[in-house]
Amino acid sequence: MLIIVGFLIVILSVLGGYVGAHGKLAALWQPYELVIIGGAALGAFLVGTPVKTVKQTLAASVGVFKGPRYKQQDYLDVLSLLYELLNKARREGFMSLEDHVERPADSAIFANYPKVQADHHLVDFMTDCLRLMIGSNIEPHELEPLLEMELEKHHAEAMQPAAVLNKVSDGLPGFGIVAAVLGIVITMGSIGGEITEVGAHVAGALVGTFLGILLAYGFVSPLAAAVEARAEQDSRIYESVKTALLACLRGYNPKIALEFARKTLPSNVRPGFSEFEAHLKTIK
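Just so we're clear, the structure is a prediction, and the values are computed from it rather than from any experiment. (Residues numbered from 1 in each chain as written. Predicted model: local features only at pLDDT ≥ 70, side-chain atom pairs only at ≥ 80, totals over all residues. Heavy atoms only, no water.)

1. Some remarks on a nonpolar patch on the surface
(1) Moving on: Judged by side-chain polarity, Met1, Leu2, Ile4, Val5, Leu8, Ile9, Ile11, Leu12, Leu15, Val19, Leu25 and Phe65 come together as a nonpolar surface patch covering roughly 1100 Å² of accessible area.
(2) Moving on: Relative to the assigned elements, Phe65 resides in the loop between helix H3 (51-63) and helix H4 (72-92).
(3) Moving on: You can call Phe65 partly exposed: its relative accessible area is 38%. (Patch = residues over 30% accessible without salt bridge, like charges linked within 9 Å, V, L, I, M, F, W, Y side chains within 5 Å. Areas by Shrake-Rupley, 256 points an atom, 1.4 Å probe, with all protein chains shown as cover. Salt bridge = Lys/Arg side-chain N within 4 Å of Asp/Glu carboxyl O. Helix = DSSP H or I, 4+ residues; strand = E, 2+ residues; numbered from the N terminus. Buried < 20%, exposed > 50% of the residue type's maximum accessible area, 1.4 Å probe, protein only.)

Here it is as structure tokens:
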């Protein structure tokens, strides 16, 4: 909602100021300038972007209007799932988690948290780490760099849509100049005709430059920033999983390990200490 409000403010401020200065809105209606700028930007985007990243960028651009992927309840569910798994491992040994880790889709523990169970990337990250803890005598200092590497890879992939949108934003003013130059070419062809016709062509050319800059800095660049901020926030849940599992491997009991994980969560979604402790007591 805030993104939509921001875009509306951009539009109303620019057009409102223009009309307030006695400008005519009809002069800004240059659909072919939009075709040149938008079409060229889209073509360049497709040429320089792998198919997978194109899909990710489109999904991320739509996703920012829905808000963060993970809400407070989702973080609570992930921490609760980890608590159940680590508690079972503490009571029965890590080998008792083998079936749950190898087949999370059939796990009774994972089934208690269907939304987490449906998040394949998160489940894979969690189970891959637990698999190492079950099947080897890996030390915390050996596991931590592996998890850091995995998180860096995930973070880089999550940031690709924002990087692509920033490149599109950087190119839009240039495509606006292309549209303006083509408008000047048309203007030069009309010299000798009616002065009003020449003036209309010059205005159309200038609108091309205006649209390229406005689309870049008023829409695409802010959208890229929003996509980046959402990806950054969504990555925190992986950080919390890593923190909890490493703390457990270092010998801390599940409650303390989960407290470490809770501390890594953003303040706006982090459950309070008392609230979280009371919630853990309800888990069998």
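Continuing now.
2. Structural notes on the packing of aromatic side chains
(1) Moving on: The final tally for this structure, using the stated rule, is four aromatic pairs.
(2) Moving on: Considering the side-chain rings of Tyr252 and Phe260, the 5.0 Å spacing of their centres and the 75 degrees angle between planes classify their relative orientation as edge-to-face.
(3) Moving on: With a relative accessible area of 33%, Phe260 lands in the partly exposed category. (Phe/Tyr/Trp six-rings, centres within 6.5 Å; stacked < 30°, edge-to-face > 60°.)

3. Some points on helix H9 (residues 140-190)
Residues spaced three or four apart along an α-helix point in a common direction, a consequence of the helix completing one turn every 3.6 residues.
(1) Moving on: Relative to the 75 Å expected for 51 residues at 1.5 Å per residue, H9 spans 75 Å between its end C-alpha atoms, a close match to the ideal helical length.
(2) Moving on: Gln160 marks where H9 bends most, by close to 35 degrees; the proline Pro161 follows one to four residues later.
(3) Moving on: Count one or two residues on from H9 and you reach Gly192, which has phi positive near 105 degrees. (Expected span 1.5 Å × (residues − 1). Bend = angle between axes of the 7 residues up to and from the residue.)

4. Regarding the packing of H4 against helix H12 (residues 254-263)
(1) Moving on: Between H4 and H12, the least distance of the axes is 9 Å, while the angle of their chain directions is 155 degrees. When the axes of H4 and H12 are compared, the pair comes out roughly antiparallel. Both H4 and H12 take part in a crossing whose hand is right-handed. Taking contact as the criterion, the partners of Leu79, Leu82, Tyr83, Leu86, Asn87 and Arg90 in H4 are, on H12, Pro254, Lys255, Leu258, Ala261 and Arg262. (Axes fitted to C-alpha atoms, helices over the stretch in contact; angles between N-to-C directions. Parallel < 35°, antiparallel > 145°, perpendicular 65-115°, else oblique. Left-handed = near helix turned anticlockwise from the far one by under 90°. Contact = heavy atoms within 4.5 Å.)

5. Describing the packing of helix H11 (residues 236-249) against H12
(1) Moving on: Viewed as axis vectors pointing N to C, H11 and H12 meet at an angle of 150 degrees, and their least axial separation amounts to 8 Å. Overall, the two elements H11 and H12 adopt an arrangement that is roughly antiparallel. Once H11 is placed against H12, the crossing between them reads as right-handed. Counted together, Ser240, Thr243, Ala244, Ala247 and Cys248 of H11 and Ala257, Phe260 and Ala261 of H12 form the full contact between these two elements.
(2) Moving on: When its residues are assigned to classes, the contact of H11 with H12 shows six nonpolar, two polar and no charged. (Nonpolar A, V, L, I, M, F, W, Y, C, P; charged D, E, K, R; others polar.)

6. As for the pattern of salt bridges
(1) Moving on: Under the criterion given, the structure shown has eleven salt bridges.
(2) Moving on: Among the ionic pairs, Asp128 bridges to Arg131, the shortest N-O distance being 2.8 Å. In this pair, Asp128 and Arg131 are both assigned in helix H8 (residues 120-135), three residues apart and thus about one turn of the helix distant.
(3) Moving on: When salt bridges with common partners are traced through the structure, they connect Glu102, Asp128 and Arg131 into a single cluster.

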